[in-house]
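Spelled out from the first residue to the last, the chains are:
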Amino acid sequence: MHELYTVLAEYYDVIYRRRAERVRDEMNFVEEIFKADAKRDVKKILDLACGTGIPTLELAKRGYEVTGMDLHEEMLEVAKRKAKREGLTIEFIQGNALEVDSNQEFDAVTMFFSSIMYFDENDIKKLFSSVVKALKSGGVFVADFPCWFYGGSDGPIVWDESADGEKLVITDWRIVEPGLQKLHFKRLVQILKPNGETKSFFVNDILHIYTPREMRVLAKESFDEVKIYGHLKRRLDPNDRRYWLVGVK
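This one's a predicted model, so the numbers in the text were calculated from it and none came from an experiment. (Residues numbered from 1 in each chain as written. Predicted model: local features only at pLDDT ≥ 70, side-chain atom pairs only at ≥ 80, totals over all residues. Heavy atoms only, no water.)

J.: Sorry, what's going on with empty space enclosed by the protein here?
T.: A probe as big as a water molecule, rolled over the atoms, marks out the empty space that is left. In this structure the tally under the stated criterion is one cavity of 30 Å³ or more. Counted as a void, the largest cavity has a volume near 40 Å³. Looking at the largest cavity, the residues that line it are Leu46, Thr67, Met69, Ile93, Val100, Asp101, Gln104 and Phe106. For the lining of the largest cavity, the per-class residue count stands at five nonpolar, two polar and one charged. (1 Å grid on protein atoms, 1.4 Å probe; cavity = no way out; pocket = protein on both sides within 12 Å on 5 of 7 lines; lining within 4 Å. Points joined across faces, edges and corners; volume = space filled by probe spheres on them. Nonpolar A, V, L, I, M, F, W, Y, C, P; charged D, E, K, R; others polar.)

Here it is as structure tokens:
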């Protein structure tokens, strides 16, 4: 498991190029949440499961003091190189989101790219507790998660990307277990090098499905205020394909 974040870390930004193109719009919405829902000025942010730093760097460019944390050192190495190349001062630390160092306090804690789905019900409660300890009073937690039943295809979906003379052919599909509320995310990544060499990697991750109501109930055990928004708007819509969880300490 987690091959996407270890052996494929150097290719992560290539694979998620199209998602990265939407990050500016998403961070515009996150800033709107900071201004409307946080009960303090947001200046210092902890970005959990930051990966290669796609949202982390965008927040830093906007003037926030950002710390990025990720479980996988391979992802952090990519993020550090990108930050250095762009002249950004960002602290990147390797660590578990369930064990955030409570000696530091932040105005906001974020978790993007549906990373919250990796936590089952017991661990998500630990996550919320960990986040609350890291937040200053009036601070805000923001995380996105998908609507798994929106009617999109379970796959296979095949597309390709190119980078540095290499071609990546990516095949995605998913298997949903409604009774267990689990989503098996499967991805085959084939890398074709200019010399004809081919490498293949198989990703098989188990994600946990939450409805907006379930996420609200779980979060209410830890946060003083909990809100669920639709995608890029501060209200819910029947056609939403992604949700945003907001918890205020």
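Continuing now.
J.: Mind showing me how you'd approach the packing of aromatic side chains here?
T.: Tallied over the entire structure, the rule returns 13 aromatic pairs. Taking 5.4 Å as the distance between ring centres and 45° as the angle between the ring planes, the aromatic pair formed by Phe145 and Tyr243 counts as tilted. Of the two residues, Phe145 sits in strand β5 (residues 135-146) while Tyr243 sits in strand β11 (residues 242-248), which places them 98 residues apart along the sequence. Of the aromatic side chains, those joined through ring pairs into one cluster are Tyr5, Tyr12, Tyr16, Phe113 and Tyr118. Between the NZ or CZ atom of Arg19 and the centre of the ring of Phe113, over which it lies, the distance is 4.1 Å. (Phe/Tyr/Trp six-rings, centres within 6.5 Å; stacked < 30°, edge-to-face > 60°. Helix = DSSP H or I, 4+ residues; strand = E, 2+ residues; numbered from the N terminus. Lys NZ or Arg CZ within 6 Å of the ring centre and 35° of its normal.)

J.: Any chance you could explain helix α4 (residues 54-61) here in plain terms?
T.: Every α-helix carries 3.6 residues per turn, so stepping three or four residues along brings you back to the same face. Within α4, seven of the eight residues are buried, which leaves the element mostly enclosed by the surrounding structure. Taken together, the buried positions of α4 are occupied by Ile54, Pro55, Thr56, Leu57, Glu58, Leu59 and Ala60. (Buried < 20%, exposed > 50% of the residue type's maximum accessible area, 1.4 Å probe, protein only.)

J.: I keep staring at the pattern of salt bridges and nothing clicks. Help me out?
T.: Side chains that differ in sign of charge can pair as their charged atoms come close. By the definition in use, this model includes 23 salt bridges. Two residues, Asp240 and Lys233, come together in a salt bridge whose shortest N-O distance is 2.5 Å. A relative accessible area of 5% places Asp240 in the buried class. What makes Lys233 buried here is its relative accessible area of 18%. Sharing partners across several salt bridges, the network here consists of Arg17, Arg18, Glu21 and Glu161. (Salt bridge = Lys/Arg side-chain N within 4 Å of Asp/Glu carboxyl O.)

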